[in-house]
Amino acid sequence: MRNILKPIATIIAALTLVASFAFPSFAEHAQMVMAGDIKIENAWTRATPNGAKAGGAFLMVTNTGGEADRLIAASSEVAAKVEIHEMSMKDGVMKMQQLEDGLALPAGETVELKPGGFHIMMMGLNKTIAEGDMVRISLEFEKAGTVDVMFAAAPLGAPSMDHSNN
Ligand SMILES: [Cu+2]
């Protein structure tokens, strides 16, 4: 790591360390972000094993407004592309697929993106994510616009994003 980045990384590591003792509750300490009527909480991702090309990211999205919105796209400097996925049971097999039209966010409701369900999928990762890293993902909402969210990286082995069995 370049020297100029080191103090920043140290501060972030110190801040996240305090909260990381009690994972999974540590995600609850993640910063709350508002984009228009959209409230984002509990943004977290996971450390990736060396060389992993994909990783999941999770959050709770509440549409506090009176009109439906959609999460339609995402991007990050750490991945070639970022997609919005759904995992579901099909003919007794867990499958994941991209939500081509994005994720519906009904007015007044909270939608949770979590392992085993809806999730943000980082594909073509260009770095290994380490525990305590803050991964910036830009989320684009149809009505609320685009907002950058920092996803705190939980330890390796935190609730699995293995698409085959949860
Ligand atoms: Cu996925």
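Residues numbered from 1 in each chain as written. Predicted model: local features only at pLDDT ≥ 70, side-chain atom pairs only at ≥ 80, totals over all residues. Heavy atoms only, no water.

The name recorded for the protein chain in an unreviewed UniProt entry is Putative lipoprotein, from Maritalea myrionectae.

Some points on the environment of I38
Among the secondary structure elements, I38 is positioned in strand β2 (residues 38-46). In this structure the C-alpha to C-alpha distance between I38 and N63, which are 25 residues apart in sequence, comes to 4.7 Å. Setting aside anything within four residues of it in sequence, one finds I38 in contact with V33, V61, T62, N63, D69, L105, F141 and A144. (Helix = DSSP H or I, 4+ residues; strand = E, 2+ residues; numbered from the N terminus. Contact = heavy atoms within 4.5 Å.)

Examining the pattern of salt bridges
Pairing of side chains with opposite charge becomes possible as their charged atoms draw close. The tally for this structure, following the rule as stated, stands at 4 salt bridges. With a closest N to O distance of 3.9 Å, E67 and K143 form a salt bridge. A residue pair is termed long-range when its members are at least 10 positions apart, and E67 in the loop between β3 (54-63) and β4 (69-75) and K143 in the loop between β10 (134-141) and β11 (145-154) qualify at 76 residues. For E67, a relative accessible area of 54% translates into the label exposed. Across the salt bridge formed by R136 and E77, the nearest N and O atoms sit 3.6 Å from each other. Placement of R136 in strand β10 and of E77 in the loop between β4 and β5 (79-90) is noted, with a sequence separation of 59 residues between them. (Salt bridge = Lys/Arg side-chain N within 4 Å of Asp/Glu carboxyl O. Buried < 20%, exposed > 50% of the residue type's maximum accessible area, 1.4 Å probe, protein only.)

Focus: the side chain of T62
You can see T62 is positioned in strand β3. Overall, the relative accessible area of 12% leaves T62 in the buried class. A distance of 2.8 Å separates polar atoms of two side chains, one belonging to T62 and the other to T110. (Polar contact = N/O pair within 3.5 Å; in protein donor to acceptor, adjacent residues only side chain to side chain.)

Considering the pairing of strand β6 (residues 93-98)
With 6 bridges connecting them, β5 and β6 associate as antiparallel partners. Looking across to β6, one finds that M89 is bridged to M94. In sequence, β5 turns back onto β6 through a hairpin of 2 residues, with D91 there showing a positive phi of about 50 degrees. (Pairing = 2+ DSSP bridges.)

Observations regarding unusual backbone geometry
Located in the positive-phi region is N42, a residue other than glycine, with phi close to 55 degrees. One can find N42 in strand β2. The phi angle at D91 is positive, at roughly 50 degrees, despite the residue not being glycine. Summarising the element assignment, D91 is placed in the loop between β5 and β6. Look at D91 and you get exposed, because its relative accessible area is 79%.

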